[in-house]
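Read off the chains here:
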Amino acid sequence: MADHIGVRVCTFFLLFFFVTPNQCMQCHFGCTCFAATNTVRCVSKDLRAVPLSIPGYARTLIVTGNNIPQIGPDSFPELENVTNICLSNNRITELGSHIFSSMVSLRSLDLSGNPLALIHPEALSIPGGPLLELNLSRSLYNSTSLTDLTTAMRWGGLAGLVLLDLSGNRLALLAPATFSRLPGLRHLLLRHNSLASVRRGAFAGPRRLELLDLSHNAFRAFPAEALGELGRLGKARVRLGGNPYLCSCESRRFAAWLDSSAAPRVEDAEDVRCASPRELRDAPLRGVGARAVGCGVPVRGVPAGEVSLQTSYAFLGLVLGFVGMVSVLVLYLNRKGMKRWVAETREACRDALAGYHYRYEIDTDPRRGPPSDGDGVGTGRFGTAPPPRITPDTRDGGQMPADVRLKGTGMAPGN
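About the criteria used
Residues numbered from 1 in each chain as written. Predicted model: local features only at pLDDT ≥ 70, side-chain atom pairs only at ≥ 80, totals over all residues. Heavy atoms only, no water. Pairing = 2+ DSSP bridges. Helix = DSSP H or I, 4+ residues; strand = E, 2+ residues; numbered from the N terminus. Patch = residues over 30% accessible without salt bridge, like charges linked within 9 Å, V, L, I, M, F, W, Y side chains within 5 Å. Areas by Shrake-Rupley, 256 points an atom, 1.4 Å probe, with all protein chains shown as cover. Salt bridge = Lys/Arg side-chain N within 4 Å of Asp/Glu carboxyl O. Buried < 20%, exposed > 50% of the residue type's maximum accessible area, 1.4 Å probe, protein only. Lys, Arg positive; Asp, Glu negative; His and termini not counted. Charge placed at Lys NZ, Arg CZ, Asp CG, Glu CD. Core = buried A, V, L, I, M, F, W, Y, C linked by side-chain atoms within 4.5 Å. Contact = heavy atoms within 4.5 Å. Polar contact = N/O pair within 3.5 Å; in protein donor to acceptor, adjacent residues only side chain to side chain. Phe/Tyr/Trp six-rings, centres within 6.5 Å; stacked < 30°, edge-to-face > 60°.

### A word on the pairing of strand 2 (residues 39-43)
Consideration 1: Direction of pairing for strand 1 (residues 32-34) relative to strand 2: antiparallel, over a ladder of three bridges. Along strand 2, the bridge assignment pairs Thr32 with Arg41.
Consideration 2: Inspection of the sheet shows strand 2 paired to strand 3 (residues 60-64) by five bridges, in the parallel sense. The residue bridging Val43 from the neighbouring strand is Thr64, located in strand 3.

As structure tokens, then:
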């Protein structure tokens, strides 16, 4: 009996010192393992490399907020059961070749928040192409990284990729056929970049695209070529809000396209607003018409400047015509008063002319004629001159002024 108890005690100590440490060592120091959820977390522990001692039951591996400069082929040995891995914000600058080749069950990969400067062409190569979601937001260091990523997507066998997030990478240009090797892509997120134009063939490749997010970029207008490229997306949903749109003649076609049935469904159409000019700032671009943006109807063969000038002349003609109609209407309504005014003006003119005629006659001085022969009547070359005609002034009661009555006799008024 004592021997039997002693065997049990020895067995307990052996299990305590050998089995328990082995179970504890399955979770790396600084990490937290959750067997119930098959999750391993190594968050902000200042790790210099990816932990190697990952429990075999792990399905989700979260390693974030550390200082891991690069990851290579030996970073993830024999992790066949891992389906989700998050490596965000680890200051990773280099992705080596065949890093995730052992993760044949990997479905989701998050590399966001890392300044990736070098990406090997086969960094994303996984046998069988199981990857469905790839998050590379805020992770491309420069334009060279985009070129490396494009090559890696072509060589990586990502035909089954469903979601690709490239947000916040300061992308200024998308080369044609960038996503040509991603036929199964359904969600393409390009928000918070510096894209200002869409080239032909930029989204060629994905045949079942359901969502294209181009919000919060640098688009000021979408010319006909860009609208044609967006129109090829079929029934995909598009997000275009948060861009600094210029509401001018160039945006007239875009405003009409937003309401057309040929356009994809714009989810944030209410956020598509004018950023300039100042008088239209924050106005919905969909409701801005051609006249609101200072654009006339285009005429074939006539330059835009001449069209604007002709429009100005036509507007001036309309204004003058309106003023003329108002003037004619006013004259018609006041026709009686106008007749009275004309009659009074005519009588006033007659009185003025009669006064001038009267003054001319009475101011005629007969003494300026030839010398008199003594009878007070001057004679001229052709005989006796007729006496001056004196007309009484009716305005003085018919009485002729004294100086006028005696003017013909040569007598002074006082005699």
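Having put the structure on the table, let's press on.
### Side note on a nonpolar patch on the surface
Consideration 1: A surface patch of nonpolar side chains, amounting to about 560 Å² of accessible area, comprises Phe315, Val319, Phe322, Val323, Val326 and Val330.
Consideration 2: Looking at the element boundaries, Val323 is found in helix 5 (residues 304-333).
Consideration 3: A residue is classified by how much of its surface remains accessible, and Val323, at 45% relative accessible area, is partly exposed.

### A closer look at the sheet that holds strand 4 (residues 70-71)
Consideration 1: Reading across from one edge, 4-6-8 is the order of the three strands in this open sheet, with parallel pairing throughout. The open sheet has two free edges, formed respectively by strand 4 and strand 8 (118-119), since each of these has just one partner strand.
Consideration 2: In the sheet, strand 4 pairs with strand 6 (residues 94-95) via two bridges, with the strands oriented parallel. Considered in strand 6, the bridge of Ile71 is made with Leu95.

### Observations concerning a positive patch on the surface
Consideration 1: A cluster of like positive charges, contributed by Arg335, Lys336, Lys339 and Arg340, occupies part of the molecular surface.
Consideration 2: Position of Arg335 relative to the elements: it lies in helix 6 (residues 335-362).

### Describing the pattern of salt bridges
Consideration 1: Summed over all chains, the structure comprises eight salt bridges.
Consideration 2: One salt bridge in this structure joins Arg191 and Asp213, with 3.2 Å as the shortest N-O distance. Here the residue Arg191 occupies a position in the loop between strand 11 (187-189) and strand 12 (211-213), and Asp213 occupies one in strand 12, the gap between them amounting to 22 residues.
Consideration 3: With relative accessibility at 25%, the residue Arg191 sits in the partly exposed group.
Consideration 4: Under the relative-accessibility criterion, Asp213 is labelled buried at 2%.
Consideration 5: Across the pair Glu347 and Arg350 runs a salt bridge whose closest N-O atoms are separated by 3.6 Å. Highlighted residues: Glu347 and Arg350, both in helix 6, separated by three residues, approximately one helical turn.
Consideration 6: Classification of Glu347 by relative accessible area gives partly exposed; the value is 38%.

### Focus on the nonpolar core
Consideration 1: Counting 78 residues, the largest nonpolar core has Phe76, Phe100 and Phe203 as the members making the most contacts within it.
Consideration 2: Contributions of two or more residues to this core are made by strand 2, strand 3, helix 2 (143-155), helix 3 (224-231) and helix 4 (252-258).
Consideration 3: Excluding residues within four positions of it along the chain, Phe203 makes contact with Leu174, Phe179, Leu188, Leu190, Val198, Leu212, Leu214, Glu229, Leu230 and Leu233.

### Remarks on the sheet that holds strand 11
Consideration 1: Overall, mixed pairing links the eleven strands, which are arranged 1-2-3-5-7-9-10-11-12-13-15 in an open sheet. For this open sheet the edge positions go to strand 1 and strand 15 (265-266), each flanked by a neighbour on one side alone.
Consideration 2: Relative to strand 7 (residues 108-110), strand 5 (residues 84-86) runs parallel, the two being bridged by three bridges. The partner of Ile85 across the bridge, within strand 7, is Leu109.

### Here we look at the side chain of Asn135
Consideration 1: You can see Asn135 is positioned in strand 9 (residues 133-135).
Consideration 2: We classify Asn135 as buried; its relative accessible area is 19%.
Consideration 3: Polar contacts involving the side chain of Asn135 include one to the side chain of Asp110, which spans 3.5 Å.
Consideration 4: With sequence-adjacent residues up to four places away left out, Asn135 is seen in contact with Leu109, Asp110, Leu111, Ser112 and Asp165.

### Overview of the packing of aromatic side chains
Consideration 1: Taken as a whole, this structure holds six aromatic pairs when the rule is applied.
Consideration 2: Ring centres of Phe219 and Phe222 lie 4.8 Å apart, and the angle between their planes is 25°; on these two criteria the pair is classed as stacked. Assigned by exposure class, Phe219 and Phe222 land together as buried.
Consideration 3: Consider the rings of Phe254 and Trp257, whose centres lie 6.0 Å apart with planes at 25°: the pair is stacked. Of this pair, Phe254 and Trp257 both sit in helix 4, separated by three residues, roughly a single helical turn.
Consideration 4: Given the relative accessible area of 0%, Phe254 is considered buried.
Consideration 5: Taken together, Phe219, Phe222, Tyr245, Phe254 and Trp257 form an aromatic cluster joined through their ring pairs.

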